[in-house]
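# An overview of the molecular structure
Now for the letters of each chain:
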Amino acid sequence: MQCNMTLSRKENKCTVTVVGGGNSAHVLIPFLSASGHKVNLMTRKPQQWSKVITCELQRPSKKKEMTTYGNVKHPSADVIQTVKGSCEKISSDPAEVIPDADVIVLCMPVHQYRDALNRLAPYIDRTKKEVFVGTVYGQAGFNWMVHEMERNYRLENVVAFAIGLIPWICRTMKYGELGANYGTKVVNVAAVSPSEKFDRLKEIFFDDITVRWHGGKGEFYQACSFLSLTLSVDNQIIHPCRCYGLWKRYGGKWATEDDIPFFYKDFDDVSAECLMLLDADYSKVRDAVRKAFPERDFKFMLDYLTLERVTHNSKHANIKDSFKNSEQLALIKTPTVKLEDGTYGLDTEGRFFTDDIPYGVLIARWVGQEFGVETPFIDEIIEWAGSLRGEAFLKDGKIDLEYCLKDSGKTGIPPAYGIRDVRQILD
């Protein structure tokens, strides 16, 4: 049964500015607005956004036909609840939407974080006691980026935060108007600096984007370090391995749109083997980190399958089952582009390549290299992705720092923020 919900706002808890128009923005705006917050939006496409944004809480439908939103086809789904929320101000100009913000949250590809922080930093209100600046997805050492911003703009009232995994599976159904939410993770994790600010952020923000809308599910817990998120958030492990597996099995190319496998529901043994090998390399890096910083518990710095069991409260026996049996992930399609010959190929310009390699796998490679850990499958993934995109992050068995640092924002390895000593990577 579908339930429509728009809560009346008697008073604003705080002002939240959402930065970017990604999938998560189409969920955050309705959830926060309907929870009693004033919500602003900073986007490069303000003319494409409606004042009222709708989020549909969906679950997979037994119907096999596709549903069309705009010009995009999506698998059919049953809508179990609708949440509507409004934006007070929508602008591409940070001067219009940043100064009154108590919370600023980024919803965009990871490789765009630094540029966004540099654009908004001059407009953060320095007279406020504190301004929370964070991201809905904590890949790539978000604290390094925020601390760089603090140094460059001499900001002293910023509280940095990053959510480890996006709290829900979500999609944009109609840009600027309609989003779909397929359910929350049972356990959500976030890092906050200074760490004592976690409880305050949970009260004014975290609970209003999960537990309020998902029957009490989706509680947030505190990670001991941003590094826990940087080395265990799952997209940087899942996406490259699945794409590599699709390339190995199909050549990354399909004759028709109907031939394209679902990204998760059709997860196969080839992709599962790739993920197991990549995660094994990550585990060696994580072990080196634990040994180097024994005073930290790193409770949430986990291997893929353990993280999946914790966040989803699942009992999946293996990697492949964790994807094929997930209702939340069942509707996600493989990101492809139509090629000149009419066939479909992997989208190598999408965030699975622009985020998860230079702002994901490559960071683990740098940390491993600094601790003397060999990571052969990480190298294989980096070199394969680089061959498709004309990138060469490795040279003579090591990270090519000259290449990686020659353009600002090209990669997210610690030296990009002036961190040359691996023992300085903690918060």
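Shown above is the structure to which this text applies.
Everything in this summary refers to the structure shown in the same document. Since this is a predicted model, take the numbers as computed values, not measurements.

## A word on the pairing of strand β11 (residues 158–163)
A large share of β11 lies buried, amounting to six of its six residues. Burial along β11 is two-sided: the residues Val158, Ala160 and Ala162 and Val159, Phe161 and Ile163 are all buried. By the bridge criterion, five bridges tie strand β10 (residues 131–135) to β11 in an arrangement that is parallel. Within β11, the position partnered with threonine 135 by the bridge is alanine 162. One crossover worth recording links β10 to the parallel β11 by way of helix α4 (residues 142–153), and it is right-handed. Sheet topology note: the β11/strand β14 (residues 187–193) ladder contains four bridges and is antiparallel. When the sheet's bridge partners are listed, alanine 162 is paired in β14 with alanine 191.

## A few points about the nonpolar core
If you look at the biggest cluster of nonpolar residues, it comprises 144 residues, and the most contacted ones within it are Leu28, Ile104, Leu106, Ile124 and Phe205. With nine residues, helix α8 (residues 269–292) is the largest single contributor of residues to this core.

## Quick notes on unusual backbone geometry
One can expect most non-glycine residues to show negative phi and most peptide bonds to be in trans. A cis geometry characterises the amide bond from serine 193 onward to proline 194, with omega recorded as 5°. Of note, proline 194 is situated in the loop between β14 and α5 (198–204). With a phi angle near 80°, alanine 140 is a residue other than glycine that sits in the positive phi range. Looking at the element boundaries, alanine 140 is found in the loop between β10 and α4. With relative accessibility at 0%, the residue alanine 140 sits in the buried group.

## Description of the pattern of salt bridges
Scanning all chains against the criterion turns up 22 salt bridges. Here aspartate 100 ties to lysine 38 by a salt bridge, and the two come within 2.9 Å at their closest N and O atoms. Taken together, the residues aspartate 100 in the loop between α2 (94–97) and β9 (103–106) and lysine 38 in strand β3 (residues 38–42) connect sequence positions 62 residues apart. Between lysine 128 and aspartate 102 there is a salt bridge whose closest N-O contact spans 2.9 Å. In this pair, lysine 128 sits in the loop between α3 (113–120) and β10 while aspartate 102 sits in the loop between α2 and β9, placing the two residues 26 residues apart along the sequence. Through salt bridges that share partners, Lys13, Asp208 and Arg212 make up one connected network.

## Quick notes on the sheet that holds strand β17 (residues 336–338)
Strand order in the open sheet made by the three strands is β16-β18-β17, with antiparallel pairing throughout. Each end of this open sheet is capped by a strand with a single partner; those strands are β16 (253–254) and β17.

## Topic: the packing of helix α7 (residues 235–250) against α8
Close contact between α7 and α8 brings their axes to 8 Å; oriented N to C, the two are set at 145°. Of the two elements, α7 crosses α8, and the hand of that crossing is right-handed. Mapping the contact onto sequence places Gln236, Ile237, Ile238, Cys241, Arg242, Tyr244, Gly245, Leu246 and Lys248 in α7 and Val270, Ser271, Cys274, Leu275, Leu278, Asp279, Tyr282 and Arg286 in α8.

## Observations regarding the sheet that holds β9
Pairing in this open sheet of eight strands is mixed, and the strands run β8-β3-β2-β9-β10-β11-β14-β15 from one edge to the other. Of all strands in the sheet, those with a lone pairing partner are β8 (89–91) and β15 (219–222), marking the two edges. Looking at each pair of strands side by side, their axes are set apart by 25° on average, direction ignored. Bridge count between β9 and β10: four bridges; the pairing is parallel.

Cut-offs applied
Residues numbered from 1 in each chain as written. Predicted model: local features only at pLDDT ≥ 70, side-chain atom pairs only at ≥ 80, totals over all residues. Heavy atoms only, no water. Buried < 20%, exposed > 50% of the residue type's maximum accessible area, 1.4 Å probe, protein only. Helix = DSSP H or I, 4+ residues; strand = E, 2+ residues; numbered from the N terminus. Pairing = 2+ DSSP bridges. Right-handed = clockwise from strand over helix to strand, strands pointing away. Core = buried A, V, L, I, M, F, W, Y, C linked by side-chain atoms within 4.5 Å. Salt bridge = Lys/Arg side-chain N within 4 Å of Asp/Glu carboxyl O. Axes fitted to C-alpha atoms, helices over the stretch in contact; angles between N-to-C directions. Left-handed = near helix turned anticlockwise from the far one by under 90°. Contact = heavy atoms within 4.5 Å.

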